[in-house]
Each structure stands twice: as C-alpha cells, then as structure tokens.
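Residue strings, one per chain:
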There are 2 protein chains.
Amino acid sequence: MDYKLLQALAAVVEQGGFERAALTLGLSQSAVSQRIKLLESRVGAPVLLRKAPPVPTPAGQRLLNHMQQVRLLERDLLQDVPMGEQGGWQTRLRIALNADSLATWWAAAVAPLCEQQGLLLDLLTDDQEVGLRRMRSGEVAGCVCATPTPVAGARALKLGDMRYLAVARSDLLATYFPPGWEAPAWGQAPAIVFGPDDQLQHRFLANCGYQGEFPYHLCPSSEGFVRMLCAGIGWGMVPGLQIIQELEQGLLREILPGQGVEVPLYWHYWRNGGRLLEQLTQQLASSAPGLLGKGQVSSLPS
Amino acid sequence: MDYKLLQALAAVVEQGGFERAALTLGLSQSAVSQRIKLLESRVGAPVLLRKAPPVPTPAGQRLLNHMQQVRLLERDLLQDVPMGEQGGWQTRLRIALNADSLATWWAAAVAPLCEQQGLLLDLLTDDQEVGLRRMRSGEVAGCVCATPTPVAGARALKLGDMRYLAVARSDLLATYFPPGWEAPAWGQAPAIVFGPDDQLQHRFLANCGYQGEFPYHLCPSSEGFVRMLCAGIGWGMVPGLQIIQELEQGLLREILPGQGVEVPLYWHYWRNGGRLLEQLTQQLASSAPGLLGKGQVSSLPS
C-alpha cells in the first residue's frame, strides 16, 4: 500500500478540489492528478467522481476509511516511538456535528482536551444524514447526531437531550398569541425555520394539535436565527441552552411555557480509532451531559 | 409559456428533490416528473441534472431566472389588481448572504420590512462565489458579498465595511503573546478558521509580516466560532460587531489593538426585480451602513 497515493486522495476530498489539495501537499496540481490516476490503476477502479467538489466512489470511500484509521494509529505510535521532528500540533480529528451543538455546548466540552493534547479539530456542520454518511465513508472520525444506531465498525454513546423551546419577542406574542388565542393562530404567525429539512416546528405544532400550513422564513444559521427572533421577525424553536440570557432578560419568551421538544444527541466514533479519539470520547462522556443539562430550562408561565 | 411546468422546475430545485417538490405542490411525484419531462420536450434540452440534489442545466437556470422575475412582477400586479384570495403572506424572496452578515446586522436591517410588507425570506449562506453564481443563475433575488462587480442584469450597491479583529481569551494571549513576543509566535498559537476558503487570517498575518504556516481548527459556524474563542481554544478573526459585549466585558481581547482587516460588503439585486426587491434595496441602503458602523470598534491597547 503506497500511502503517498492515499494521502493525495484524502487531500483532494478534504480540500474539495485538486488545486487546494496540491497547495496543502506542496505539490503541483498535475502531480496530485498523477497520484490519483496511479491509485486508480492499482485499485482497478475509479476512486473519485470528477465533480466540483470531487466525490469519492465506494472504492475511494473504503480507502479513505482505511487512511483515517491508519492516521489515528500512527499518532499513537509516534507518542510511544518518537520519529524525528513532529512539532506540538500534529494531530487533527475531523468531526461532523449538528449546527446547534456547535453553537452551544461543544466548545466548552472539548476545550480542555484541545489544550492538553494539542488536538486540532476540523469541524463540519451537516444535516443529520450527511454526518452519518461521512462517518460511514470514513471521512470523519466521529459525529454528533440524533440517530442512536451506529454504522458498521463504530459505536454510539448517548450524550443527553437537547431541549428546544418555542419562543418569540413579546410584541410578536401580543400580536399573534393574545390572551385566549386558539390553535389556528399558528397559521398566521410567521415562523423562522432552520432549513427545509427541519421538522422541529412540525413536531411541536403536532403536539399542540395544529396540522395546517404556516408562513415561514428560512434561516440556516444558529446565531442569525436568534438575531431574527430578537428582531421580532418571527417565532421559532431554539435550544434553551442558546438563549439562557435572552430568557432571563425577558427579550424572548416561551409561547407555551413548559412545552418544549427534546432531541437526543449521540456521539458516534470509530471502534478502533486510536487513543486520541478514545480520549475525546471520554471527555465528551464526562462533560456533555452536564452542559446539556443546563439547557433544560423553561421560563415561568407569564 | 406554461407556468405550471416552470413552477415544477422551481420547486424541484428549491426543495432539493422531486419528493419534497411534490409535497410542496400538493402533487404526486410522478406528476412532477411528468411536468419536468414535458418542459424538456418543449425546450428541446434537459433542464435538470438528475443528481441528489438535482441541479439545473444552463437552460434550466435561464428558465428559473425568468420565473423568479415573473414572480416578483406578479406580486406587484396583485397589489394593484387583487385577484381572489391571496392571504397576507404570499411573497418570498430568496437571498444569499455571507454567514457573518446573517450572524450580525442582517436581522435588525430587514425586520421593519418583513413586518410592514409581510415579506418572508429564504436565506442561504454560501461561500462568496457560490452566492454570486446563484445570483447569475436566477436562483436568488439578491446577494450580500464582497464583490463589487454586478452580474449581467443586476446592480451592486456598497453597504459598508465589516471590520474583523484578531482576538483571543486573556490566558491564550498570555501563553502565546506575552510582552515582547515576536512574529514567529504566530506559528505556535492555534488559530480558529471559518473554512478552507477563509483567507482573512492570511491577510492579517501578511499585514503583520508573517508568511509561515500556523496550526488551525476549522469551525464553519459564526456562533460556534465565538464559543471556541471564549473557551480559549484558539485565536481568530471575528467581526467586531459580533463581539461588542465580549470585548466590553474583557472576555476577549485584541492581539494587536487597532490592527483589523476591513471587508467591503455589496448588495447585489436584479435591476427589474419588482417593487418588493426595490423596497428591500432601499431598506438595506438606509439601515445597513449605520449597523455596520457600530462594528468599527477597537478595544483600547492593554
């Protein structure tokens, strides 16, 4: 197995193109291209679909998966058998996680390990299913998502529940949900939705006995979402953990106090991912539940 | 021109698939598929690449561009010539913008228009070039980015400058940038970078006379970025506008007070985009410069 070839494949996929891969590897673009072709002639099958960005074929994914695991094992080896100049910041882990975790508890949970181990993180925020697909293809070493079932070769660990509250600014509450309001009001009040795949509002409204349509904005940004809520543009479902201050200050208020939606969060990680991934797993297991617990807030009935 | 067919095309592209398009239109999936095929037989060329998600061909893009403009014109028509039941929340504008604008000034700038006109926004956060490509293909009605040159058929309006500051938590400053530190320290201190395309750090470091490598985390989330800064995981370039509070409270401090990087922001919009897009343009022109000006903060030398 020639790891120079695998390294070229990994760089093209991680960097999203041949040009950036060449920059990262300090090679010419044609040298990278040659390595990929050589790899394909050895494998006897294409490893990349030449799209923008390039996408690994199933054979390519299998190779990347292998490469990721070898990298993690090499890091452990180098701790025990130092070989030449490795510097203090050599190890990166690629992790896929949901945007709301990254916007809330993630940084506090991983900061100690980054400092102690010199760990560098390549974070990817994706839809739930994309994160697990990256996991399956070996593109990432771990993944935070709501699915309990691990992919083959991996384990899944429950970290806790993220509690989402339906909130709005007071004047929006007064306009659309005055005392004595009834379910059809949901059809009038503009909502803010994270993306077309986001089903939280539908779950919440179904719990409230409303199944109809409702007007909505699409806002694919956790911080932008809270800014739109605070600007009075609409109501929305947001992690309690993200708006502790806004609830305390009375900037945002729950529409139906006490009626949130819980989303479980699982940490998916490779079974033989090496020592650093194990340490990250331990770190998450010990710190995430407490951090997520702080989000189990609920404002008092108004 | 049969607008039922164009509507099917727009739904498939906007919803990212035939199944969701069918749901939105209240049709069966095969009916949507039939409409696309009929459109292709009339155009004499494919309008969609059948990928996941489906991508419009150049011919399809031209049709979507037309559809977007017709929708905006129809809205104006309906204001003057009401036809049947239209409801209060009929008009959506799709806008591409950079994540940092969405995380800071955008909501406050557009909130009044959303309320007055019942405007609903489909926001997309993309790399700079993707936003302009969406503009060119007619997928979006407007776009906020750093490029001054408008695409054909559109105009570009300068909104102001976004000022980015290089900041870190005090203990990180003390570790890597103690009194008397010199340029090579940049090669040791872990940075936080938004994504592989993000060149802000490189511009800033070049201004500081440093051209070498540096260790970095990748964090593609505006709020996650600030959380990682506040957790002491690394230093990073962040809009002053986004950390006014953290600077005031002394949670984050500038590494080199007064040495920021300015990024100009332009509003790109279709020349014949209809009255609502004109109103949005006026709203942005009158409110964005003042909001962006609040980000021209700089902490005092420590």
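Residues numbered from 1 in each chain as written. Chains lettered and ligands numbered in written order. Predicted model: local features only at pLDDT ≥ 70, side-chain atom pairs only at ≥ 80, totals over all residues. Heavy atoms only, no water.

Colleague: Which parts of the structure should I look at to understand the relation of the copies chain A and chain B?
Modeller: Comparison of the two chain copies shows a relationship of rotation about an axis with a shift along it. Least-squares fitting of chain A to chain B yields an RMSD of 0.1 Å, with the superposition described by an axial translation of 0.0 Å and a rotation of 180°. Such values leave the two copies arranged in the relation of a two-fold axis. If distances are taken from each C-alpha of chain A to the rotation axis, the shortest is found for Glu223(A), at 2.7 Å. Comparing interface residues between copies, 100% of those in chain A also sit at the interface in chain B, which points to an isologous, same-surface contact. (Least-squares fit on C-alpha atoms with pLDDT ≥ 70 in both. Contact = heavy atoms within 4.5 Å.)

Colleague: Which parts of the structure should I look at to understand the interface of chain A and chain B?
Modeller: Accessible area lost upon the coming together of the parts serves often as the stated size of an interface. Opposite the 41 residues of chain A that make contact, chain B presents 41 residues. Each partner contributes to the roughly 3,300 Å² buried at the junction of chain A and chain B, and carbon and sulfur atoms together form 58% of this total. Across the chain A-chain B interface, the total number found is twelve residue pairs in polar contact (both at pLDDT 80 or more). Those elements that provide at least two residues to the side of chain A that touches chain B are α6 (106-117), β4 (120-125), β8 (216-218) and α10 (222-230) of chain A. Among the elements that line the side of chain A that touches chain B, the one with the most residues is β4(A), at six residues. (Buried area = accessible area lost by both parts, 1.4 Å probe. Polar contact = N/O pair within 3.5 Å; in protein donor to acceptor, adjacent residues only side chain to side chain. Helix = DSSP H or I, 4+ residues; strand = E, 2+ residues; numbered from the N terminus.)

Colleague: Can you help me understand the domain arrangement of chain A in this one?
Modeller: Assigned domains within chain A: domain 1 (1-60) and domain 2 (162-261). A straight line from the C-alpha centre of domain 1 of chain A to that of domain 2 of chain A covers 45 Å. (Domains from an automatic or database assignment.)

Colleague: I would appreciate a short explanation of the packing of aromatic side chains in the present structure.
Modeller: The way to describe two aromatic rings as a pair is by their centre distance and the angle between their planes. Following the criterion strictly, the structure yields 18 aromatic pairs over all chains and no others. Taking 4.9 Å as the distance between ring centres and 55° as the angle between the ring planes, the aromatic pair formed by Phe177(A) and Trp186(A) counts as tilted. Each member of the pair Phe177(A) and Trp186(A) is classed as buried. Taking 5.8 Å as the distance between ring centres and 65° as the angle between the ring planes, the aromatic pair formed by Trp105(B) and Trp106(B) counts as edge-to-face. For the pair Trp105(B) and Trp106(B), one class covers both residues: buried. Cluster of aromatic residues (ring-pair linked, three or more members): Phe177(A), Trp181(A), Trp186(A), Phe204(A) and Trp235(A). Across the ring face of Tyr216(B), the terminal group of Arg92(A) is positioned such that the distance to the ring centre comes to 4.3 Å. (Phe/Tyr/Trp six-rings, centres within 6.5 Å; stacked < 30°, edge-to-face > 60°. Buried < 20%, exposed > 50% of the residue type's maximum accessible area, 1.4 Å probe, protein only. Lys NZ or Arg CZ within 6 Å of the ring centre and 35° of its normal.)

Colleague: Explanation requested: the environment of Ala45(A) in the structure shown.
Modeller: Residues and elements named next belong to chain A. Residue position: Ala45 is located in the loop between α3 (29-43) and β1 (48-49). Classification of Ala45 as partly exposed rests on a relative accessible area of 27%. Put simply, Ala45 and Ala107 are 62 residues apart on the chain and 41 Å apart in space, counted from C-alpha to C-alpha.

Colleague: Would you mind going over unusual backbone geometry with me for this structure?
Modeller: With the exception of glycine, the majority of residues adopt a negative phi angle, and the majority of peptide bonds are in the trans configuration. Ala52(A) connects to Pro53(A) through a cis peptide bond whose omega is -5°. Along the polypeptide, Pro53(A) turns up in the loop between β1 and β2 (55-56).

Colleague: Explain the environment of Ala11(B) here, please?
Modeller: Residue and element names in this part refer to chain B. Counting through the fold element by element, Ala11 comes out in helix α1 (residues 3-15). Separated by twelve residues in the primary sequence, Ala11 and Leu23 have C-alpha atoms spaced 9.6 Å apart. Excluding anything up to four places from it in sequence, Ala11 contacts Gly16, Ala21 and Leu25.

Colleague: Please explain the pairing of strand β3 (residues 92-97) of chain A as it appears in this structure.
Modeller: Consecutive side chains along a regular strand alternate between the two faces of the sheet. Residue and element names in this part refer to chain A. Counting buried positions along β3 gives five out of six residues, so the element sits mostly inside the fold. By the bridge criterion, six bridges tie β3 to β4 in an arrangement that is parallel. Residue pairing in the sheet places Ala96 in a bridge with Leu124 of β4. (Pairing = 2+ DSSP bridges.)

Colleague: Got a minute to help me understand the pattern of salt bridges in this structure?
Modeller: Oppositely charged side chains may form a pair once their charged atoms are brought near each other. Overall, the coordinates contain 13 salt bridges over all chains when judged by the stated rule. For the salt bridge of Arg163(A) with Glu262(A), the shortest nitrogen-to-oxygen distance reads 2.9 Å. Note that Arg163(A) is positioned in strand β6 (residues 154-169) and Glu262(A) in strand β11 (residues 261-270), a separation of 99 residues in sequence. Among the ionic contacts, a cluster of salt bridges with common partners joins Arg92(B), Arg94(B) and Asp122(B). (Salt bridge = Lys/Arg side-chain N within 4 Å of Asp/Glu carboxyl O.)

Colleague: What's the story with the pairing of strand β5 (residues 142-145) of chain A in this structure? I'm lost.
Modeller: Residues and elements named next belong to chain A. Neither face of β5 is left uncovered, since the one carrying Gly142 and Val144 and the one carrying Cys143 and Cys145 both have all their residues buried. The pairing of β3 with β5 spans three bridges and is parallel. Residue pairing across strands places Ile95 opposite Gly142, the latter belonging to β5.

Colleague: Explain α10(A) here, please?
Modeller: Residue and element names in this part refer to chain A. α10 sits mainly inside the fold: seven of its nine residues count as buried. Regarding α10, the residues found buried are Ser222, Glu223, Gly224, Phe225, Val226, Met228 and Leu229. Taken from the residues just after α10, Gly232 is the one with a positive phi, measuring 75°.

Colleague: So what exactly am I meant to see when it comes to the packing of helix α2 (residues 18-25) of chain B against helix α3 (residues 29-43) of chain B here?
Modeller: Residue and element names in this part refer to chain B. Their axes nearest at 8 Å, the elements α2 and α3 cross at an angle of 100°. Relative to α3, α2 is oriented roughly perpendicular. In this structure, α2 contributes Phe18, Glu19, Ala21, Ala22 and Leu25 to the contact, and α3 contributes Gln29, Val32, Ser33 and Ile36. (Axes fitted to C-alpha atoms, helices over the stretch in contact; angles between N-to-C directions. Parallel < 35°, antiparallel > 145°, perpendicular 65-115°, else oblique.)

Colleague: Would you explain the packing of α1(B) against α2(B) in this entry?
Modeller: Residues and elements named next belong to chain B. Remark: α1 packs on α2, axes separated minimally by 8 Å, with the N-to-C direction vectors making an angle of 120°. Comparing their axes, α2 and α1 come out oblique. Judged by the sense of rotation from one axis to the other, the crossing of α1 with α2 is right-handed. Contact with α1, carried on its side by Gln7, Ala8, Ala11, Val12 and Gln15, involves Phe18, Arg20, Ala21, Thr24 and Leu25 of α2 and no other residues of that element. The residue inventory of the contact of α1 with α2, partitioned by class, reads six nonpolar, three polar and one charged. (Left-handed = near helix turned anticlockwise from the far one by under 90°. Nonpolar A, V, L, I, M, F, W, Y, C, P; charged D, E, K, R; others polar.)

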